[in-house]
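In case you want the letters, here they are:
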Amino acid sequence: MGFLAPLYLALAAAAAVPLLLHLMRRRSGTRVEFPAVRYLQRAEQEHSRHLRLRNLLLMLLRVAAVLLIALAAARPVGRMAGAGHPPTALAVVLDNSLSTGQVVGGRPVLDELKQVAGELLDRASAADRLWLVTADGRVETGSAAALKAAVQAVRPYGGAGRLPDALARAAGLVEGGGLPARQIALLTDGQATSWAGRIALPRVSVVVYAPTGTPAANRAVAGAEARPARWTPRGGVVVRVRAPDSAAYRIALGGRTLARGRVAPGEEELVQAAPSGEGWTAGTVEVDPDELRADDARHFAVWLGRPVPVTVDASAGAFAAPAIATLVQSGRAVAGGQVTVAGADGAARLPALLLAPTDPVRAGAANRNLERLGVPWRFGAVRRGRAAVRGERVDGASASLRYELQAQPGAAADTLATAGGDPWMVAGDGYVLVASPLVPTATDLPVRAGFVPLLGDLLSQRLSSEPGGVLVAAPGQRVRVPAWVTGVEGAGALRPGADGSLTAPAQPGVYFLIRGTARAGALVVNPEPDESVLERLSPSQLRERLGASDVRVATAAPRFVASAFDAAGGRALATPLLAGALLLLVAESLVTRRGQGRA
């Protein structure tokens, strides 16, 4: 039994009033010895036993009536034996995040959750409204039999999912279900990293099934990244693991073993390689399998090819030529005429890295040249004053002289960096345009350690004959893709939306970005690293995370199934209690009248 207004239970203290009156009545009056009343005293003694019993009965009836009224005011709800449960809006929230794929006691945790969910649905009646909501965002409705089949079809998700969003959606469904009894039944492994904060569910009750048991020590690949993303042909793979002690790893590229080794937990190891082949290739870093297989491998992607031929025009300034020479020395570029690094007023052809003119007087000539090259941007007003530059590989840099970049009608480009909130570096088909000249008087980027790697990435990923880069996402994450992407290999009919973004596939892997009919980049999908941390919340901690009107946490399946409909399915007991109080008052009145009639 529960109470919707438990403060009214304080009214039960009024039950002491009849008891006090009864005790005071026994002690009231003064004893007087008077011969004329001796007859009455003898009569009273003859009927004293009857009177005591009547008074005691009256006191009990009055106390019981007051108690029933106090209980009714507290609005109790509960289940009555043999009454079943009233029609209930029930949402079963099933946690199918990656961590539920861990094997405990010989079977995956998710299999246990699915079994208990099926037992719960067996108790549903035809009058209930039922939904199944999973951590990966799926929602299904139907009969108990249909949802039971849907539960058995659930598979572990490739990442953490969004359990708080699933609970919020379930709350909305049951609140709009049109039934007064509203219940959420949550089945979860209680992984601590899934519960970053408290989830407010004020108008529903929640019953939670969280199995007990200590998860085994988990070994996982925490990091796998190709550096740089384009190998010409040499490069490296960064490996990180999460494990109780050092772990053996294997690096595979294109299905073939590239390297093997051991790495200590928390350390980062860079493995150099120079494989054969050309084009975009998928790779993995793997560790020996354990109880959670889904995080024993992590994916990466790399482009294999020849260095980019590049030439530097004198209009690029004094800092561009030494940076390109460093790239040539490291093998990431070669001297040649495929790509030009030049001032926007001096470039003769595309593809080119185009830099703003050092002298504002040259802005007009630069704009005329941009028009001739077919670049849909123009230099506007000069802006002076230090502004922070924000973007990949340029965070921390600043610009003290920059031009306003003005997009022309029909311009389609990616903004790679901003300064003061305005576009500062934009990229399109065959060009990258920078709003500042690459000199220290205009921007401190040329004297920063990331300048040379940035140039290398711009040349290979944006200006080579095979442009493109690597995008990284978690399963189900929304990702913005370059404007030239026309499809995603390995993801079925997945296409960018009107806003230039798409939802990453649910399963980890490498999905190649398609430009026309060729691979031009990669989308690498890996689970969130925290999903490998398997520590669980205690029942009390789970209860604190759920801000519902009533929360019950069960660690045993029978208790969970038995109580699943109780909180929301309980019947109101106020009316029966008030009826009982009325009957007691009627009985009290009859006893009182009968006593007066005898008197």
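The shown structure was predicted, so the numbers you read here are calculated from the model rather than taken from an experiment.

A. Fine view of the overall build of the protein chain. The helix and strand tally for the protein chain stands at 12 helices and 34 strands. Across the 599 residues that make up the protein chain, the buried fraction comes to 47%. If you take every contact in the protein chain between residues at least 6 apart in sequence, the share linking residues at least 24 apart comes to 68%. Per element, the accessible surface of the protein chain, about 28,600 Å² overall, is 54% carbon and sulfur.

B. Molecular detail of the nonpolar core. The biggest cluster of nonpolar side chains holds 53 residues, and the ones touching the most others in it are L353, L354, F379, W424 and L433. Looking at which element gives the most residues to this core, the answer is helix α8 (residues 451–462), with 5 residues. Ignoring anything within four residues of it in the chain, the contact list for L354 reads A342, A344, A347, L370, L373, V375, Y431, V432, L433 and V434.

C. Representation of the sheet that holds strand β27 (residues 470–473) within the structure. Taking strand neighbours across the sheet as the criterion, the 4 strands line up as β27-β32-β31-β29 in an open arrangement whose pairing is mixed. Among the strands making up the open sheet, the edge pair consists of β27 and β29 (487–489). Pairwise comparison of adjacent strand axes, ignoring direction, gives a mean angle of 30° for this sheet. Sheet analysis places β27 next to strand β32 (residues 518–525), joined by 4 bridges and oriented parallel. Note on β32: the bridge partner recorded for V470 is A522.

D. Molecular detail of helix α3 (residues 109–122). Taking 1.5 Å as the rise per residue, α3 with 14 residues should run 20 Å; its terminal C-alpha atoms sit 20 Å apart, in good agreement. Restricting attention to buried positions, one finds in α3 the residues V109, L110, L113, K114, V116, A117, G118, L120 and L121.

E. Spatial organisation of the pairing of strand β22 (residues 377–391). In the sheet, β22 pairs with strand β23 (residues 398–407) via 8 bridges, with the strands oriented antiparallel. Bridging across to β23, A388 finds its partner in S398. Linking β22 to β23, which pair antiparallel, is a turn of 6 residues; within it R393 sits at a positive phi near 70°. Summarising the sheet, β22 and strand β24 (residues 414–419) pair through 3 bridges and their orientation is antiparallel. From the neighbouring strand, R390 faces β24, where its bridge partner is T418.

F. A look at the packing of helix α6 (residues 320–330) against α8. At a minimum axis separation of 9 Å, α6 and α8 run at an interaxial angle of 70°. Put simply, α6 runs roughly perpendicular to α8. Along its contact with α6, which presents A323, I324, T326 and L327, the element α8 presents F451, V452, L455, G456 and L459.

G. Layout of the pairing of strand β8 (residues 181–187). Within β8, 6 of the 7 residues are buried, which leaves it mostly tucked inside the rest of the structure. In the sheet, strand β3 (residues 88–94) pairs with β8 via 7 bridges, with the strands oriented parallel. Across the sheet, L90 pairs through a bridge with Q183, a residue of β8.

H. Representation of helix α5 (residues 163–175) in the model. Counted at 1.5 Å a residue, the expected span for α5 with its 13 residues is 18 Å, and the 18 Å between its end C-alpha atoms agrees. Along α5, the residues classified as buried are L163, A166, L167, A170, A171 and V174. In an axial view of α5, the angular spread of the buried residues amounts to 140°, which keeps them on one side of the axis.

I. Here's a closer look at the packing of aromatic side chains. Per the stated rule, a full pass over the model turns up 2 aromatic pairs. For the pair Y209 and F560, a centre-to-centre distance of 5.6 Å together with 45° between the ring planes defines the contact as tilted. Residue Y209 is located in strand β9 (residues 199–209), and its partner F560 is located in helix α10 (residues 557–563); the two are separated by 351 residues in the primary sequence. Each member of the pair, Y209 as well as F560, is classed as buried. Its end group placed over the ring of W303, R230 keeps NZ or CZ at 4.0 Å from the ring centre. It is R519 that lies over the ring of F512; its NZ or CZ is 3.8 Å from the centre.

J. Representation of unusual backbone geometry within the structure. Put simply, R227 and P228 share a cis peptide bond, and its omega is -10°. Structurally, P228 can be placed in the loop between β10 (220–227) and β11 (230–231). L350 connects to P351 through a cis peptide bond whose omega is 5°. Positionally, P351 belongs in the loop between β20 (339–343) and β21 (352–355).

K. Structural detail: the pattern of salt bridges. If you walk through the whole model with that rule in mind, you get 19 salt bridges. E268 is paired through a salt bridge with R240; the nearest N and O atoms lie 3.1 Å apart. Note that E268 is positioned in the loop between β14 (256–263) and β15 (269–273) and R240 in strand β12 (residues 235–242), a separation of 28 residues in sequence. A salt bridge links E489 to R519; its shortest N-O distance comes to 2.7 Å.

L. Highlighting the sheet that holds β11. Taken in spatial order, the 5 strands line up as β11-β17-β16-β13-β14 in an open sheet, and their pairing is mixed. The open sheet terminates on both sides in strands that have one partner only, identified here as β11 and β14. Relative to strand β16 (residues 279–287), strand β13 (residues 247–253) is paired through 5 bridges, and the arrangement is antiparallel. Paired with Y249 across the two strands is V287, which belongs to β16.

M. Structural view of the packing of α3 against helix α4 (residues 144–152). Contact pair α3 / α4: the axes reach a minimum separation of 9 Å and the direction vectors enclose 180°. Judged on the interaxial angle alone, α4 and α3 are roughly antiparallel. Taking contact as the criterion, the partners of K114, A117, G118, L121 and D122 in α3 are, on α4, A144, L147, K148, V151 and Q152.

N. Structural view of the environment of E268. On the basis of relative accessibility, which here comes to 46%, the residue E268 falls in the partly exposed class. Once the C-alpha coordinates of E268 and G223 are considered, the two residues, 45 residues apart in sequence, prove to be 8.5 Å apart. With residues up to four places along the chain from it excluded, the contact list for E268 reads R227, V238, V239 and R240. A distance of 3.1 Å separates the side chain of E268 from the side chain of R240, its partner in a polar contact.

Rules of the game
Residues numbered from 1 in each chain as written. Predicted model: local features only at pLDDT ≥ 70, side-chain atom pairs only at ≥ 80, totals over all residues. Heavy atoms only, no water. Helix = DSSP H or I, 4+ residues; strand = E, 2+ residues; numbered from the N terminus. Buried < 20%, exposed > 50% of the residue type's maximum accessible area, 1.4 Å probe, protein only. Contact = heavy atoms within 4.5 Å. Areas by Shrake-Rupley, 256 points an atom, 1.4 Å probe, with all protein chains shown as cover. Core = buried A, V, L, I, M, F, W, Y, C linked by side-chain atoms within 4.5 Å. Pairing = 2+ DSSP bridges. Axes fitted to C-alpha atoms, helices over the stretch in contact; angles between N-to-C directions. Expected span 1.5 Å × (residues − 1). Parallel < 35°, antiparallel > 145°, perpendicular 65-115°, else oblique. Arc of directions from axis to C-beta. Phe/Tyr/Trp six-rings, centres within 6.5 Å; stacked < 30°, edge-to-face > 60°. Lys NZ or Arg CZ within 6 Å of the ring centre and 35° of its normal. Salt bridge = Lys/Arg side-chain N within 4 Å of Asp/Glu carboxyl O. Polar contact = N/O pair within 3.5 Å; in protein donor to acceptor, adjacent residues only side chain to side chain.

Honestly, that's just the spatial picture; any functional story needs more than this.
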